Amino acid sequence: MLTRVAVLVSGGGTNLQAIIDAKRAGDLPNAELALVVADRHCAALDRCIEPHIRTVVCRSTELRDVLEQNSIDVVVLAGYLAIVPPDAVAAYAGRMINIHPSLLPDFGGQGMYGLHVHEAVLDAGVAVTGATVHLVTDETDAGPILRQHQVAVHAGDTPEILQRRVMEEAEWKILPEALAELTAIVAREKEE
Ligand code: GRF
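Just so it is clear, the structure is predicted and the values come from calculations on it, not from any experiment.

So, how was this worked out
Residues numbered from 1 in each chain as written. Predicted model: local features only at pLDDT ≥ 70, side-chain atom pairs only at ≥ 80, totals over all residues. Heavy atoms only, no water. Pairing = 2+ DSSP bridges. Helix = DSSP H or I, 4+ residues; strand = E, 2+ residues; numbered from the N terminus. Axes fitted to C-alpha atoms, helices over the stretch in contact; angles between N-to-C directions. Salt bridge = Lys/Arg side-chain N within 4 Å of Asp/Glu carboxyl O. 1 Å grid on protein atoms, 1.4 Å probe; cavity = no way out; pocket = protein on both sides within 12 Å on 5 of 7 lines; lining within 4 Å. Points joined across faces, edges and corners; volume = space filled by probe spheres on them. Nonpolar A, V, L, I, M, F, W, Y, C, P; charged D, E, K, R; others polar. Contact = heavy atoms within 4.5 Å. Near = heavy atom within 4 Å. Polar contact = N/O pair within 3.5 Å; in protein donor to acceptor, adjacent residues only side chain to side chain. Areas by Shrake-Rupley, 256 points an atom, 1.4 Å probe, with all protein chains shown as cover. Core = buried A, V, L, I, M, F, W, Y, C linked by side-chain atoms within 4.5 Å. Buried < 20%, exposed > 50% of the residue type's maximum accessible area, 1.4 Å probe, protein only.

A. Main features of the sheet that holds strand β7 (residues 145-152). Reading across the sheet, the seven strands line up as β3-β2-β1-β4-β5-β6-β7 and stay open at both edges, with mixed pairing between neighbours. Edge strands, defined here as strands with exactly one partner in the open sheet, are β3 (54-57) and β7. Between one strand axis and the next, the sheet turns by 20° as a mean value, whatever way the strands run. Across seven bridges, strand β1 (residues 3-9) lies against strand β2 (residues 31-38) in parallel orientation. Each bridged residue has a counterpart across the sheet, and for Thr 3 the counterpart in β2 is Ala 31.

What follows is the structure, encoded as structure tokens:
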């Protein structure tokens, strides 16, 4: 039985696109992309038109109801900028993952999102950064780590250049991989 996946977005949706592409390539055999939820009208929603993925725009306070009404098994935060309420986190404990554009626990937590992360990495002068997929808990960016991938920082990098490299080399790779693994596990559980 397929695992019903919801992807939560707020922005450009390149990580959502990586998941759509992975599904198309046959790399997510246990996953059905059942729903995309946004907290605002954003470009990510346009990516759902052609693959005919159902979309909902709602407040984060409505998340749990929306996810349960759509019989969602697994939730992916892919650039979702709203805080997920504790009731939704609890309902999907162990089945909700987030992609973060640094090697957590470094450069995570409050205020560390989007370009802020890469600015902080450059300010710190580190030579290596990367991305992390982790399970979502009530504490921001602090849940158990499922996958990490390193990316080199180059001399002369701007936050924008570094952001792009981290996406291309790490995020778009490890997010579909982690999702493939989790949906396989949940699919087996559903069959039991
Ligand atoms: C990514 O860098 C992701 O790691 C972070 O927000 C950004 C979202 O980009 N959480 P996109 O909307 O997937 O293009």
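Back to the write-up after that little detour.
B. Broad picture of the pattern of salt bridges. Here the structure, examined in full by the defined rule, presents 12 salt bridges. Put simply, Arg 4 and Glu 32 hold a salt bridge, and the shortest N to O gap is 3.3 Å. With Arg 4 in strand β1 and Glu 32 in strand β2, this pair connects stretches of sequence that are 28 residues apart. Linked by salt bridges that have partners in common, Arg 147, Lys 173, Glu 177 and Glu 181 make up one network.

C. Region of the structure containing the layout of surface pockets. Taken as a whole, the largest pocket spans an internal volume of roughly 880 Å³. Those elements giving two or more residues to the lining of the largest pocket turn out to be α1 (14-24), α3 (86-91), β5 (96-100) and α5 (159-191). Each residue belonging to the lining of the largest pocket can be placed in one class, and the counts come to 15 nonpolar, 18 polar and four charged.

D. A look at the environment of Thr 183. Here Thr 183 is to be found in helix α5. With 83 residues separating them in the primary sequence, Thr 183 and His 100 have C-alpha atoms 19 Å apart. When residues no more than four places from it in sequence are discounted, the contact partners of Thr 183 are Thr 3, Val 5, Asn 30 and Ala 31.

E. Highlighting the site of the ligand. Near the ligand, the surroundings consist of Gly 11, Gly 12, Gly 13, Thr 14, Asn 15, Gly 79, Ile 99, Pro 101, Met 167 and Glu 171. Between Ile 99 and the ligand, the recorded distance is 3.3 Å, taken from a backbone N or O atom to a nitrogen atom. With respect to the ligand, the side chain of Glu 171 contributes an N or O atom lying 2.7 Å from an oxygen atom. Bound to the protein, the ligand loses 87% of the 370 Å² it would expose on its own. Elements with a minimum of two residues in the shell around the ligand: α1 and α5. Counted by class, the shell around the ligand contains three nonpolar, six polar and one charged residues.

F. A look at the nonpolar core. In terms of nonpolar packing, the biggest core is built from 37 residues, with Val 7, Val 76 and Ile 97 touching the most fellow members. Put simply, the parts of the chain that give this core at least two residues each are β1, α1, β2, β4 (74-77), β5, β6 (128-135) and α5. Residue contributions to this core peak at nine residues, all from α5. Among the nonpolar cores identified, the runner-up in size contains 21 residues, and Ala 34, Leu 67, Val 89 and Val 136 belong to it.

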